[in-house]
Amino acid sequence: MLRWGSVLLVVLATASLAATAHASRFMRVGIYDEAQTLYGPVPKTFATFKQLHVQEVRLNLYWGGKYGVAKRRPARATNPADPAYDWELYDRTVDYASANGVHVLFSIYGTPSWANGGRGQNVAPTRATDLRNFAFAAARRYGGTYPGADGRNLPAVREWLAWNEPNNPIFLTPQFRKTAKGWTIQSAVDYAKICNAVYNGIHATLAPSERVGCGVTSPRGNNNPNSSRPSVSPLAFIRAVKKAGLKTFDAWAHHPYYAGPSDQPTTKPVTAKGAPATAVTLGNLGDLTREVTRLYGNKRIWITEYGYQTNPPDRLFGVSYAKQATYLKQAFVIARKSPRIDMMLWFLLKDEPRLDGWQSGLLTFGGKRKPAFNAFMQMAAPAR
């Protein structure tokens, strides 16, 4: 049985050293496209990644749900070999990534039905310990010394995220809860427990150079519990998780998407009558960086999703192919100028098939290269 209390001080000290060791100006450039890298044409995708000089690929590591590792409660939750766990889907992609020199960023997401009374994968687990145990098992399996199905050690994964867009009700609900004292930002209360669990579970393996990113926040939120779709703005969210007990992390991750097709990467959010911005896009990312510094110190900043949709096919939100390529270059230049940003991931490699999905790929759904394909290759090559 793992003694969590006895290793906590060692865990925190090791995590601090790991974060310091990685405080360099090298910025990894990568892609987040689950359909192409997890359950899609994985060999073809990684061949394309090699052309593009991709250094990092983000993958959701589903704890529960359709692609969940743990569809039933494990008897020995910290043991990756427990019969309740099925890692096959993830082992495959980790192997392909390693063979092509690509680092993996695993985003642990999705509560199994057995862990929250069947309330859906976007509802926090009833016991944070269950999530911490899973994070430990995952980090142990992908620690670099754990044997896979063929007997060879599985490649190491060193970068991790806790959840996805917890300030967005699609990924974490409820966002607010009414109490006798008024409205509470419940998503922040739940997320503080989620991120503490993932951070402590990952770092308890004591594997070298592990880093855990928290936040992974959506760029906007209405801060209105009475709206038809309540959500929390990223700045309000980080303040609320600090108050709720989020202790520490190695990096704060964010998705600084543009607001509309007239926005360039340098465009700052528009506010009414000079009010302070609540949205955080690439144009005012410094607002978030300053708040991270005020609350948690000199932590790293990760941009774990960014992209511009194209018209065609998205006539409402898209920009021209040429503008997408230009804005991609501008965005990566902006990110590289920040001494705090050491990861930036483009969303997606390939357009999604439905128009109500995302059309920010470097490739059309039919596989045709957009000008952004070569633009990404140029921006990634120096870092390679």
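Residues numbered from 1 in each chain as written. Predicted model: local features only at pLDDT ≥ 70, side-chain atom pairs only at ≥ 80, totals over all residues. Heavy atoms only, no water.

Engineer: Please clarify how the overall build of the protein should be interpreted in this entry.
Structural biologist: Check the secondary structure of the protein and you find 10 helices and 10 strands. Its C-alpha radius of gyration of 20 Å places the protein within 12% of the 21 Å reference for a compact globule of 384 residues. Seen through its principal axes, the protein has C-alpha atoms that stretch 55 × 55 × 40 Å. The buried share of the protein, taken over its 384 residues, is 56%. (Helix = DSSP H or I, 4+ residues; strand = E, 2+ residues; numbered from the N terminus. Rg over C-alpha atoms; globule rule 2.2 N^0.38 Å. Buried < 20%, exposed > 50% of the residue type's maximum accessible area, 1.4 Å probe, protein only.)

Engineer: Would you take a moment to explain the pattern of salt bridges for this structure?
Structural biologist: Side-chain pairs of opposite charge can arise where the charged atoms are in close proximity. Per the stated rule, a full pass over the model turns up 15 salt bridges. Between arginine 211 and aspartate 342 there is a salt bridge; the shortest N-O distance is 3.0 Å. Of this pair, arginine 211 sits in strand β7 (residues 211-217) while aspartate 342 is found in strand β10 (residues 341-346), placing the two residues 131 residues apart along the sequence. A relative accessible area of 3% places aspartate 342 in the buried class. A salt bridge links arginine 354 to aspartate 356; the nearest nitrogen and oxygen atoms lie 2.8 Å apart. In the salt-bridge network here, residues are joined through shared partners; they are Arg28, Glu56, Glu159, Arg211, Arg300 and Asp342. (Salt bridge = Lys/Arg side-chain N within 4 Å of Asp/Glu carboxyl O.)

Engineer: Is there a simple way to explain the side chain of glutamine 175 in this structure?
Structural biologist: Turning to its location among the elements, glutamine 175 is positioned in the loop between β4 (159-162) and β5 (177-179). At a separation of 2.9 Å, a polar atom in the side chain of glutamine 175 contacts the main-chain carbonyl oxygen of proline 166. Once residues lying within four places of it in the same chain are set aside, the contact partners of glutamine 175 are Pro166, Asn167, Asn168, Pro169, Thr184, Ile185, Gln186, Ser187, Pro230, Ser231 and Val232. (Polar contact = N/O pair within 3.5 Å; in protein donor to acceptor, adjacent residues only side chain to side chain. Contact = heavy atoms within 4.5 Å.)

Engineer: What exactly am I supposed to notice about the nonpolar core here?
Structural biologist: For soluble globular proteins, the rule of thumb is that nonpolar side chains tend to be buried together. The biggest cluster of nonpolar side chains holds 104 residues, and the ones touching the most others in it are Leu61, Phe106, Trp160, Tyr191, Trp252, Leu362 and Phe376. Here this core takes nine residues from helix α6 (residues 186-203), the largest share from any one element. (Core = buried A, V, L, I, M, F, W, Y, C linked by side-chain atoms within 4.5 Å.)

Engineer: I tried to follow helix α10 (residues 371-380) on my own but got confused; where do I start?
Structural biologist: Note that an α-helix has 3.6 residues per turn; residues three or four places apart therefore point the same way. Residues of α10 that are buried: Ala372, Phe373, Ala375, Phe376, Met379 and Ala380. Summarising the axial view, the buried residues of α10 lie within an arc of 165 degrees, below the 170-degree limit, and thus occupy one face. Contact partners of the buried residues in α10: β1 (28-32), α3 (42-52), α9 (321-337) and β10. (Arc of directions from axis to C-beta.)

Engineer: Looking at this structure, I do not really get the packing of aromatic side chains. What am I missing?
Structural biologist: Any aromatic ring pair is given by two values, namely how distant the centres are and how the planes are angled relative to each other. In total, this model carries 30 aromatic pairs according to the counting rule given. For the pair tyrosine 257 and tryptophan 358, a centre-to-centre distance of 5.0 Å together with 40 degrees between the ring planes defines the contact as tilted. With a gap of 101 residues between them, tyrosine 257 in the loop between β8 (251-254) and α8 (285-296) and tryptophan 358 in the loop between β10 and α10 connect regions that are remote in the sequence. Taking the relative accessible area as the measure of exposure, tyrosine 257 reaches 6% and is therefore buried. Taken together through their ring pairs, the aromatic side chains of Tyr32, Tyr257, Tyr258, Tyr306, Tyr308, Phe317, Tyr327, Trp346, Phe347 and Trp358 make up a single cluster. A cation over an aromatic ring shows up here: lysine 242 above the ring of tyrosine 296, its NZ or CZ 4.5 Å from the ring centre. (Phe/Tyr/Trp six-rings, centres within 6.5 Å; stacked < 30°, edge-to-face > 60°. Lys NZ or Arg CZ within 6 Å of the ring centre and 35° of its normal.)

Engineer: It is not clear to me how the confidence of the model for the protein should be interpreted in this structure. Could you clarify?
Structural biologist: Per-residue confidence for the protein averages 92 on the pLDDT scale, and 92% of its residues sit at or above 70. Note that residues 1-24 has pLDDT below 50 and, in this model, 29 contacts with residues that lie over four places away or in other chains. (pLDDT = per-residue confidence, 0-100.)

Engineer: Help me understand α6 in this model?
Structural biologist: Taking 1.5 Å of rise per residue, the 18 residues of α6 would be expected to cover 26 Å, and the 26 Å separating its terminal C-alpha atoms lies within 8% of that figure. Along α6, 15 of the 18 residues are buried, which leaves the element largely enclosed by surrounding structure. (Expected span 1.5 Å × (residues − 1).)

Engineer: When you look at the sheet that holds β7 in this model, what are you seeing that I'm missing?
Structural biologist: The pairing of strands in a sheet comes from backbone hydrogen bonds and takes either a parallel or an antiparallel form. Here we have eight strands rolled up into a closed barrel, ordered β1-β2-β3-β4-β7-β8-β9-β10, and parallel in their pairing. Across the sheet, the axes of successive neighbouring strands diverge by a mean angle of 30 degrees, strand direction being ignored. Sheet strands touched by α6: β3 (103-109), β4 and β7. Its angle to β7, the strand with the most contacts, is close to 160 degrees. (Pairing = 2+ DSSP bridges. Axes fitted to C-alpha atoms, helices over the stretch in contact; angles between N-to-C directions.)

Engineer: Which parts of the structure should I look at to understand the environment of valine 102?
Structural biologist: Mapped onto the elements, valine 102 comes out in the loop between α4 (88-99) and β3. Overall, valine 102 belongs to the buried group, its relative accessible area being 7%. Filtering out sequence-adjacent residues up to four positions away, valine 102 remains in contact with Phe46, Val54, Gln55, Glu56, Val57 and Ala97.

Engineer: Help me understand the pairing of strand β2 (residues 56-62) in this model?
Structural biologist: Within a regular strand, side chains alternate between the sheet's two faces. Of all the seven residues making up β2, seven are buried; the element is thus mostly covered by neighbouring parts of the structure. Because side chains alternate across β2, one face comprises the buried residues Glu56, Arg58, Asn60 and Tyr62, and the other comprises Val57, Leu59 and Leu61, equally buried. Sheet topology places β1 next to β2; three bridges connect them, and they run parallel. Pairing of tyrosine 32 across the sheet is with arginine 58, part of β2. Of the strand pairs in this sheet, β2 and β3 are connected by seven bridges, and their pairing is parallel. Looking at β3, one finds that arginine 58 is bridged to leucine 105. In terms of handedness, the path from β2 via α4 over to β3 forms a crossover that is right-handed. (Right-handed = clockwise from strand over helix to strand, strands pointing away.)

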